[in-house]
Amino acid sequence: MPISLTNEMMRAIIMDHSSNPTNKHTPSGEGYQKVHMHSDNCIDDLDIYLKIENDRVVDACFEGIACTISLSSTDIMCDLMKGKTIQESLYMIEQYQHMMHEEPFDDEVLDEAIVFINTSKQAARIRCATIGWNAANSILKDK
Amino acid sequence: MYDIKKVRLDFPMLQNKTMQGKPLVFLDNASTTFKPRQVIEAMDKYYLEMNSNSHRGDYDLCYNMDVEVAKARETIAKFINSDVNEVVFTSGDTEAINLVAYGYALEYLKKGDQILISETEHASNVLPWYRICDLTGAKVCFVKLDDKRITVEGVRNAFKDNKSIKLVALAHVGNVLGYEINAKEIASICHKNGALFLLDGAQSVPHMAVDFKDLDVDFLTFSAHKMCGPTGIGCLVGKYVLLQKMATFHTGGGMNVKFNNKQEVIPLDAPAKFEAGTLNLSAIIGFKAAIEYLTNLGMENIHKHDQELFEYAISKLEGYDNIIIYNKDSNSGIIAFNIKGVFAQDEATLLNSKGIAVRSGQHCAKMIDPVIGEPATVRMSTYLYTSKEEIDIFIDNLINGGDILDAYFFN
């Protein structure tokens, strides 16, 4: 289980996704829904793209300017969301939000996103760690 | 002798406060400042002993309140060297600039006129002018900067190139880079060219002696909360003849002589005609106490203290190649910097985890990024109670603070 990750492993995962965010690009094909998100208290200024087919997220990517936490959290979210149904994605987002606010959460579905478990130590950065997730939520909740 | 230890004892926020389990080091004074007991007690006194409205009663409490407001206005006028009726209370610097925008510019500017500002201005000295231009058809133009600085020459050239400039609005000291402009010379150039000059004193009035009459600016704006005073109060200081010419902005009780059912209104004279509604009375009392506090310390001493801390910090940072400072040649209490390869916000979060409060981003000056060449910076800013020991803690954490992710994984 990811919950057994050491601090050093969690750091490495965050740094990997912020220095090499594989989902940070504009979509190449058609059929994507886009949501723009920006932060009042950080540099974060992102476009999130989701492609949904037959009740399933078939692709997720993003583009924009972001701090380490928003960059890596959004990149990890894109990885995790690809292939999930809308219902599964919404449940994962909900559990992630619970984790952010130190509420009980289902760690089974968060996978690598567990690395952001300490975000509440830096409350000013919760917005950064959730910006991509909130964007995806705003697309998916109306589906 | 400026006794920093004694000064710090006046501030409850400097007594054993912690942040993230570490002693609090507050270096975000360009954003807002702590309040000394003298200010807090003066405001308490309003609620505990003086609670009343002003201008609205025939009883002693109310009369006494009128006297207190008048005394506060006199204190501000003396502090800034203006006439007492040239001081208009506003909710702060932002409302003061908006008051000039809507009261003067909206009334007198027309299509084809231009308003000169700079790309280093805070949103409060940009967006009111954009709005006025939308409403009047006037246009905003920008002074050409000389390596990030606004110079007298730059303003002179702006007038050579552009005969339509009717109003110039610039910060006395920039809120990101801390550069001071030559306000007196710029005011003279504006007047020779038939333009008015608004000086945004948000970052200068709290830190140095500013003389409204000597500078001969037309409008001067500032906020109390950046100078040890309360939030929600500030003022517009304007030449009386201009204040009288200006249209009213907020209207309502307390600003009119009379009105009738033919929609005729006779406003009071300035400054009362701009002060509709119940004033922020406890804040006005606190504002006065803050100015008395600064005056007792001496504005020259406060300015010197900021400058000494700046020079001390810059000299200690010298030689660290991974720390990029954007305003080494400044001399105010603001340092704008980045750590090579680290996002400003990430560095600010790391400093937060060490108990150090700084600001990161664009600091409301959202056109400044091409000027500096970075999308964001970290800003540390000092004030009259900042100690050298705090600068040492700040610099030690910049250099030895560890990895940015320590902020999330420290134990």
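Cut-offs applied
Residues numbered from 1 in each chain as written. Chains lettered and ligands numbered in written order. Predicted model: local features only at pLDDT ≥ 70, side-chain atom pairs only at ≥ 80, totals over all residues. Heavy atoms only, no water. Helix = DSSP H or I, 4+ residues; strand = E, 2+ residues; numbered from the N terminus. Rg over C-alpha atoms; globule rule 2.2 N^0.38 Å. Buried < 20%, exposed > 50% of the residue type's maximum accessible area, 1.4 Å probe, protein only. Contact = heavy atoms within 4.5 Å. Areas by Shrake-Rupley, 256 points an atom, 1.4 Å probe, with all protein chains shown as cover. Lys, Arg positive; Asp, Glu negative; His and termini not counted. Charge placed at Lys NZ, Arg CZ, Asp CG, Glu CD. Salt bridge = Lys/Arg side-chain N within 4 Å of Asp/Glu carboxyl O. Pairing = 2+ DSSP bridges. Axes fitted to C-alpha atoms, helices over the stretch in contact; angles between N-to-C directions. Phe/Tyr/Trp six-rings, centres within 6.5 Å; stacked < 30°, edge-to-face > 60°. Domains from an automatic or database assignment. Buried area = accessible area lost by both parts, 1.4 Å probe. 1 Å grid on protein atoms, 1.4 Å probe; cavity = no way out; pocket = protein on both sides within 12 Å on 5 of 7 lines; lining within 4 Å. Points joined across faces, edges and corners; volume = space filled by probe spheres on them. Nonpolar A, V, L, I, M, F, W, Y, C, P; charged D, E, K, R; others polar. Polar contact = N/O pair within 3.5 Å; in protein donor to acceptor, adjacent residues only side chain to side chain. Parallel < 35°, antiparallel > 145°, perpendicular 65-115°, else oblique. Left-handed = near helix turned anticlockwise from the far one by under 90°. Patch = residues over 30% accessible without salt bridge, like charges linked within 9 Å, V, L, I, M, F, W, Y side chains within 5 Å.

### Structural notes on the overall build of chain A
Of regular secondary structure, chain A possesses four helices and three strands. Traced from its N-terminal end to its C-terminal end, chain A shows the element sequence α-β-β-β-α-α-α. What you see for chain A is a C-alpha radius of gyration of 14 Å, in line with the 15 Å of a compact globule of 143 residues. Taken along the three principal axes of its C-alpha coordinates, chain A extends 40 × 30 × 25 Å. A total of 143 residues make up chain A; the buried ones form 52% of that total. Contacts spanning at least 24 positions in sequence make up 59% of the contacts within chain A whose residues lie at least 6 apart. Roughly 6400 Å² of accessible area belongs to chain A as shown, and the carbon and sulfur atoms make up 48% of that amount. Taking the average place of the 12 positive charges on the side chains of chain A and the average place of its 23 negative ones, the gap between the two points comes to 4 Å.

### Side note on the side chain of D346 of chain B
Inspection of the secondary structure puts D346 of chain B in helix α12 (residues 344-353). It turns out D346 of chain B is buried and unbridged, and the closest side chain with the opposite charge, R125 of chain A, is 5.9 Å from it. Other than its neighbours up to four places away in sequence, D346 of chain B contacts C67, T68 and I69 of chain A together with I404 of chain B.

### Side note on the environment of V168 of chain B
Residue and element names in this part refer to chain B. With respect to the helices and strands, the residue V168 is situated in strand β7 (residues 165-171). For V168 and P12, which are 156 residues apart along the polypeptide, the C-alpha to C-alpha distance reads 40 Å. The contact partners of V168, leaving out residues within four places of it in the chain, are L116, F159, C190, L196, F197 and L198.

### Focus on the sheet that holds strand β2 (residues 45-53) of chain A
All names here are of chain A. Spatial strand order, β1-β2-β3: three strands in an open sheet with antiparallel pairing. Taken across any chain shown, the strands that pair with only one partner, and hence form the sheet edges, are β1 (32-38) and β3 (56-65). Adjacent strand axes in the sheet meet at a mean angle of 20°, parallel and antiparallel pairs treated alike. Here nine bridges tie β2 to β3, and the two strands are oriented antiparallel to one another. From the neighbouring strand, L50 faces β3, where its bridge partner is A60. Each of β2 and β3 touches helix α2 (residues 68-81); the most contacted strand, β3, lies at about 165° to it.

### Here's the deal with the packing of aromatic side chains
Residues and elements named next belong to chain B. With the rule as written, the count across this model stands at 13 aromatic pairs over all chains. Judged by centre distance (5.7 Å) and plane angle (85°), the rings of F11 and Y293 are edge-to-face. Here F11 is found in the loop between α1 (4-9) and β1 (18-19), whereas its partner Y293 is found in helix α10 (residues 281-297), with 282 residues between them in sequence. The same class applies to F11 and to Y293, which are both buried. Both rings, one in Y104 and one in Y108, keep their centres 4.9 Å apart while their planes meet at 35°; by these two values the pair is tilted.

### Brief notes about the pattern of salt bridges
On inspection of all chains with the given rule, the structure shows 24 salt bridges over all chains. Linking D403 of chain B and R11 of chain A is a salt bridge whose minimum nitrogen-to-oxygen distance equals 3.4 Å. With D403 of chain B in the loop between α14 (388-400) and α15 (406-409) and R11 of chain A in helix α1 (residues 7-19), this pair bridges two chains. Assessed through its relative accessible area of 34%, D403 of chain B is described here as partly exposed. Linked by salt bridges that have partners in common, E8 and R11 of chain A together with D403 and D406 of chain B make up one network.

### Here we look at the domain arrangement of chain B
All names here are of chain B. Domains assigned within chain B are domain 1 (4-27 + 298-409) and domain 2 (40-296). Here the C-alpha centroids of domain 1 and domain 2 sit 29 Å apart. Taken together, the contacts link 31 residues of domain 1 with 34 residues of domain 2. With both chains or domains summed, domain 1 and domain 2 bury close to 2500 Å², and 60% of this area falls on carbon and sulfur atoms.

### Side note on empty space enclosed by the protein
All names here are of chain B. In this structure the tally under the stated criterion is two cavities of 30 Å³ or more. Approximately 100 Å³ is the volume found for the largest cavity. Contributing to the lining of the largest cavity are 13 residues, with Q203, H207, D306, S332 and G333 lying nearest its centre. Mapping the lining of the largest cavity onto the domain boundaries places at least three of its residues in each of domain 1 (4-27 + 298-409) and domain 2 (40-296). Around the second largest cavity, the lining residues are V176, G361, Q362, H363, I368, D369, I372, E374, P375, A376 and T377. Within the lining of the second largest cavity, the residues separate by chemical class into five nonpolar, four polar and two charged.

### Looking at unusual backbone geometry
Residue and element names in this part refer to chain B. Across the junction of A270 and P271, the peptide omega takes the value 0°, indicating a cis bond. Counting through the fold element by element, P271 comes out in the loop between β12 (265-267) and α10. The backbone of N81 sits at a positive phi, close to 55°, despite the residue not being glycine. By the secondary structure assignment, N81 is in the loop between α3 (60-80) and β4 (87-90). Given the relative accessible area of 32%, N81 is considered partly exposed. For D216, which is not glycine, the phi dihedral falls at a positive 60°.

### A look at the side chain of D306 of chain B
Residue and element names in this part refer to chain B. Counting through the fold element by element, D306 comes out in helix α11 (residues 299-317). There is no salt bridge for the buried D306, and the closest opposite charge comes from R8, which lies 11 Å off by N-O distance. Here T382 takes part through its side chain, which lies 2.9 Å from a polar atom of the side chain of D306. Discounting chain neighbours no more than four positions away, the residues touching D306 are H207, S332, G333, T382 and Y383.

### With respect to the packing of α2 of chain A against helix α4 (residues 126-140) of chain A
All names here are of chain A. At a minimum axis separation of 6 Å, α2 and α4 run at an interaxial angle of 40°. The orientation of α2 relative to α4 falls into the category oblique. In terms of crossing hand, the pair formed by α2 and α4 is right-handed. On α4, the residues touching I69, S70, S73, T74, M77, L80 and M81 of α2 are C128, A129, I131, G132, W133, A136 and L140.

### Some points on the interface of chain A and chain B
It is common to give the size of an interface as the accessible area that goes away when the parts come together. On the chain B side, the residues contacting the 18 residues of chain A number 18 residues. Our count for the contact surface shared by chain A and chain B stands at two salt bridges. The interface formed by chain A and chain B holds 10 residue pairs in polar contact (both at pLDDT 80 or more) in total. When contributions to the side of chain A that touches chain B are tallied by element, the ones reaching two or more residues are α1 and α2 of chain A. In terms of residue count, the dominant contributor to the side of chain A that touches chain B is α1 of chain A (five residues). Looking at side-chain class alone, the side of chain A that touches chain B contains 10 nonpolar, five polar and three charged residues.

### Some points on a nonpolar patch on the surface
Where nonpolar side chains cluster on the molecular surface, the patch consists of L127, Y130 and F142 of chain B and spans about 260 Å² of accessible area. Of note, Y130 of chain B is situated in helix α5 (residues 127-136).

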